[in-house]
Amino acid sequence: MKTIIITGVSGNLGQAVAKKFLRENFKVIGTVIPNDPAKLNISDANFETVTVDLMNEDEAEKFVQQVIDKHKIIDVAVLTVGGFAMGTIAETKMTDILKQHKLNFQTTYHAARPIFLQMVKQENGRIFLTGARTGIDMRYSKGMIAYGLSKSLIFRLAELMNEEAKGHNVVTSVIAPSTIDTPQNRKSMPDADPSKWVKAEDIASTIYFYSTEQALAIREPVLKVYNNA
Ligand SMILES: NC(=O)c1ccc[n+]([C@@H]2O[C@H](COP(=O)([O-])OP(=O)(O)OC[C@H]3O[C@@H](n4cnc5c(N)ncnc54)[C@H](OP(=O)(O)O)[C@@H]3O)[C@@H](O)[C@H]2O)c1
């Protein structure tokens, strides 16, 4: 049985990815944060959650080591932890930038680094980082300065990981959603047309495809999951 780590498994995207990979017969290990309200409704013998604050590098490293000790191989990792903040340049101070950097970049790096090192060692693995369309082209980040800057680094990190992993069959992809159709987005944008947004389930299916044998030869993918938004 193959093993997948999903960070932020209680989130919209995290839950969709967990359900997809459980259907595909993976062992799923998902991270939740301390004092996370129980909003997960997944009950499956192949699903386990571990409480980890991914803002803490030592905790993240310890968590990944525990997974390696128990399961030996990490086949796939989908790192979904992140958040969002609005703000023009006038409204964004360095503390705001550092806050988004911590939430979007540091939580990703803390998990990605030990997972990447293990995958290079085992000469196999697929890592999916979560960027955003805003992180690809800064014109989409107007009015969301701190968020856009933090997400832009996710793409640079993937490039560096793919460069270091050349020849090891370890590939890092970046998922770049436009707007995900979530209850929170529907509430905060009541006048928008959610049918144009991308469904978390569709992103999960795309991720699954890129982790399969059919996608074995693909390198350095940026998955622009925009739908019609
Ligand atoms: N939603 C969109 O429209 C959209 C668009 C483009 C990109 N994205 C990106 O896609 C990803 C997933 O989005 P989503 O809508 O699924 O977000 P979400 O529902 O808010 O999920 C994020 C998850 O990360 C967890 N988390 C937060 N801080 C953490 C920490 N320090 N340590 C460990 N876990 C932590 C959250 O736990 P709690 O819920 O308990 O806080 C939650 O489970 C994010 O990176 C987001 O930036 C989203």
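First things first, this report covers the structure right here in the doc. (Residues numbered from 1 in each chain as written. Predicted model: local features only at pLDDT ≥ 70, side-chain atom pairs only at ≥ 80, totals over all residues. Heavy atoms only, no water.)

## Digging into the packing of aromatic side chains
Ring pairs (aromatic) are described by centroid distance and by the angle formed between their planes. Throughout the structure, instances matching the rule amount to five aromatic pairs. Here Phe84 and Tyr147 contribute two aromatic rings whose centre-to-centre distance is 4.8 Å and whose plane-to-plane angle is 75°, an arrangement assigned as edge-to-face. Within this pair, whereas Phe84 is found in the loop between strand S4 (76-79) and helix H3 (94-122), its partner Tyr147 is found in helix H5 (residues 145-164), the two being separated by 63 residues in sequence. Through a chain of ring-to-ring contacts, the aromatic side chains of Phe21, Phe26 and Tyr208 assemble into a single cluster. (Phe/Tyr/Trp six-rings, centres within 6.5 Å; stacked < 30°, edge-to-face > 60°. Helix = DSSP H or I, 4+ residues; strand = E, 2+ residues; numbered from the N terminus.)

## Points about the side chain of Ser173
As for its position among the elements, Ser173 is in strand S6 (residues 170-177). Relative accessible area serves as the criterion here: at 2%, Ser173 is assigned to the buried category. Residues contacting Ser173, with those up to four places away along its chain left out, are Ile127, Phe128, Leu129, Pro221 and Leu223. (Buried < 20%, exposed > 50% of the residue type's maximum accessible area, 1.4 Å probe, protein only. Contact = heavy atoms within 4.5 Å.)

## Digging into the packing of helix H2 (residues 57-71) against H3
Contact geometry of H2 with H3 gives a least axis separation of 8 Å together with a crossing angle of 35°. Handedness of the crossing formed by H2 with H3: right-handed. Residues Glu57, Ala60, Glu61, Val64 and Ile68 of H2 pack against His110, Ala111, Arg113, Pro114, Ile115 and Gln118 of H3. Class assignment of the residues belonging to the contact of H2 with H3 gives a composition of six nonpolar, two polar and three charged. (Axes fitted to C-alpha atoms, helices over the stretch in contact; angles between N-to-C directions. Left-handed = near helix turned anticlockwise from the far one by under 90°. Nonpolar A, V, L, I, M, F, W, Y, C, P; charged D, E, K, R; others polar.)

## Concerning the pattern of salt bridges
Tallying each qualifying case throughout the model produces nine salt bridges. Salt-bridge contacts for Arg139 lead to Asp137; the nearest nitrogen and oxygen are separated by 2.9 Å. Three or more residues are tied together by salt bridges with common partners; here these are Lys27, Glu48 and Lys70. (Salt bridge = Lys/Arg side-chain N within 4 Å of Asp/Glu carboxyl O.)

## Notes on the sheet that holds S6
Taking strand neighbours across the sheet as the criterion, the seven strands line up as S3-S2-S1-S4-S5-S6-S7 in an open arrangement whose pairing is parallel. Since the sheet does not close on itself, it has two edges, and those belong to strand S3 (47-51) and strand S7 (222-225), each with one partner. Each adjacent strand pair in this sheet contributes to an overall mean axis angle of 20°, direction not counted. As paired strands, strand S5 (residues 125-130) and S6 are joined by six bridges and run parallel to one another. Within S6, the position partnered with Gly125 by the bridge is Val170. (Pairing = 2+ DSSP bridges.)

## Concerning the environment of Asn228
Here Asn228 shows up in the segment after S7. Looking at Asn228, the relative accessible area reads 58%, which means it is exposed. Sequence separation of Asn228 and Ser141 is 87 residues, and the distance between their C-alpha atoms is 18 Å.

## With respect to the nonpolar core
In terms of nonpolar packing, the biggest core is built from 30 residues, with Ile74, Leu79, Ile115, Ile127 and Leu129 touching the most fellow members. Counting residues per element, the ones that place at least two in this core are H2, S4, H3, S5, H5 and S6. Considering every element that reaches this core, the biggest residue donor is H3, with seven residues. Other than its neighbours up to four places away in sequence, Ile74 contacts Thr3, Ile5, Val64, Val67, Ile68, Ile115, Gln118, Met119, Gln122 and Asn124. One finds Val17, Phe47, Ile203 and Val225 within the second-largest nonpolar core, a separate group that totals 27 residues. (Core = buried A, V, L, I, M, F, W, Y, C linked by side-chain atoms within 4.5 Å.)

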